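In case you want the letters, here they are:
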Amino acid sequence: MRRKPAVLIAGAALLAATACGGTDADSGGLTTLTAGVIPIVDVAPVYLGVDQGFFEERGIDLRLESGSGGAAIVPGVISGEFDLAFSNTVSLIVARDQGLPLVVLTNGVTTTGEQGADFGGVFVLDDSPVEDVADLEGLTVAANNLNNIGDTTVRQSVREAGGDPAEVEFVELPFPDMPAALETGQIDAVWAVEPFASIIREAGHREIASNFVDTHPELSVAAYFASEQRMAEEPELFGDITSALEESFAYAEDNPDEVRRIISTYTEIDQAVIDQMVLPRFPAETNRDSVQVLADLMVEDGLLDAEPDLDALYP
């Protein structure tokens, strides 16, 4: 029986009474809002949106604060520390299923849909006896978090290849530690996303699966979200936020060189890696069919007891 995800916030069914948005004299009369993000490639569009003035044009001074991951960011939205935030789809489904009143504003990042050319994949040593992802039965695979989007989608790759995903052992390991762990034989395979996927490819190791693509060719991997209460209280403000995000995505899609430029301003990724890594796609609209596929897999793998109410999360 697989370990189910821990409750993200014990007993947190209500939002903090005080929201953090407000007019700031230092912002020239703009409404100051804070977004919780993760310092990864996926959030380049929102940084571009701030850089290009898409939020300021709508009267918003959006301040971006980096967190370590969804486990820290989701509580920040619930408590009112963040007005909106970014997290992967599986984390959001789990949070909503556990009673946290979160609502998706826009899509965040989407697979390229190209086998062997996605922004994440499953890798083994070049001389590994593993020929394809079905051969991972009985072996160890590293993922940055357990019971999340990584292992959920890798299991689907194994399933699609005719293997038994229940026979794969997943080990939690931070992305930066994966290349060394693979090379020393600490684990048999890794699931890695950019820039670590490019670092592993550059080292000459083999990609055996594009797990996002195997799950759905239009997989909506992550999203920007807020609390139901804040959105209900300030629908016009959150309408402006959503419009600015959508403009940011369109700009990112049309200007990949700008995406690569902005990544260097908020990460410590080497420019040589930024120049060569695979960029995800940034459509503003969520592919609901792909989200349903993820939800079904979460039930099948035991992360959820029953089908979640996706209409509440994606109104």
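Up top you'll find the structure we're talking about.
Criteria and cut-off values
- Every chain's residues receive numbers from 1 upward, in the order its sequence appears when written.
- This being a predicted model, a pLDDT of at least 70 is required before a residue's local features are given, and a value of 80 or more before pairs of side-chain atoms are given or counted; all residues contribute to the totals for chains, interfaces and linings.
- With hydrogens and water excluded, all non-hydrogen atoms of the structure serve as input to the side-chain values.
- When DSSP finds two or more bridges between a pair of strands, those strands are recorded as paired.
- Per the convention used, a helix needs a DSSP run of H or I reaching at least four residues, while a strand needs a run of E reaching at least two, with both numbered from the N terminus.
- To obtain each axis, a line is fitted to C-alpha atoms, and for helices this fit is confined to the stretch in contact; angles are then taken between N-to-C directions over 0 to 180 degrees.
- A cavity, in this analysis, means grid points on a 1 Å lattice covering only the protein atoms where a 1.4 Å probe fits yet has no way out; a pocket is instead an open set bounded by protein on both sides within 12 Å along at least five of seven lines, and a residue lines either one if it has an atom within 4 Å of a point.
- Grid points are joined across faces, edges and corners, and a volume is the space filled by probe spheres set on the points.
- Note on residue classes: Ala, Val, Leu, Ile, Met, Phe, Trp, Tyr, Cys and Pro are nonpolar, Asp, Glu, Lys and Arg are charged, and everything else, Gly too, is polar.
- Between Lys or Arg on one side and Asp or Glu on the other, a salt bridge is scored when a side-chain nitrogen of the former is within 4 Å of a carboxyl oxygen of the latter.
- Burial classes: relative accessible area under 20% of the type maximum marks a residue as buried, over 50% as exposed, and values in between as partly exposed (1.4 Å probe, protein chains only).
- Polar contacts, as counted here, are pairs of nitrogen or oxygen atoms within 3.5 Å of one another; within protein the pair requires one atom able to donate a hydrogen and one able to accept it, and residues that are adjacent in sequence qualify only if both atoms are side-chain atoms.

## Let's talk about the sheet that holds strand β9 (residues 189-193)
Here is step 1 of the chain: The strand order across the open sheet built from five strands is β8-β7-β9-β6-β10, with neighbouring strands paired in mixed fashion. If you trace the sheet from one side to the other, it starts and ends with β8 (169-172) and β10 (206-209), each paired once. Across the sheet, the mean angle separating the axes of adjacent strands is 35 degrees when strand polarity is ignored.
Here is step 2 of the chain: Both strand β7 (residues 140-143) and β9 contribute to a ladder of two bridges, which runs parallel. Looking at β9, one finds that V141 is bridged to A189.

## Remarks on the layout of surface pockets
Here is step 1 of the chain: For the second largest pocket, the calculated volume is near 150 Å³.
Here is step 2 of the chain: Its residues placed into classes, the lining of the second largest pocket shows seven nonpolar, three polar and three charged.

## Concerning the pattern of salt bridges
Here is step 1 of the chain: One pass over the structure, following the stated rule, counts 15 salt bridges.
Here is step 2 of the chain: Its salt-bridge partner being R159, residue D301 comes within 2.8 Å of it at the nearest N-O pair. Of this pair, D301 sits in the loop between α12 (288-300) and α13 (310-313) while R159 sits in helix α4 (residues 149-160), and the two are 142 residues apart along the sequence.
Here is step 3 of the chain: For R159, a relative accessible area of 22% corresponds to the partly exposed category.
Here is step 4 of the chain: E234 is the salt-bridge partner of R230, the closest N and O atoms lying 2.7 Å from each other.
Here is step 5 of the chain: On the accessibility criterion, R230 (8% relative accessible area) is buried.

## Quick look at helix α3 (residues 89-97)
Here is step 1 of the chain: Extensive coverage of α3 is indicated by the burial of seven of its nine residues.
Here is step 2 of the chain: Residues of α3 that are buried include every one of T89, V90, S91, L92, I93, V94 and A95, and no others.
Here is step 3 of the chain: Structurally, the start of α3 carries an N-cap: the backbone nitrogen of V90 is 3.0 Å from a side-chain oxygen of N88.
Here is step 4 of the chain: Looking one or two residues past α3, G99 carries a phi angle of roughly 95 degrees, positive in sign.

Function cannot be inferred from these measures alone, as they are strictly geometric.
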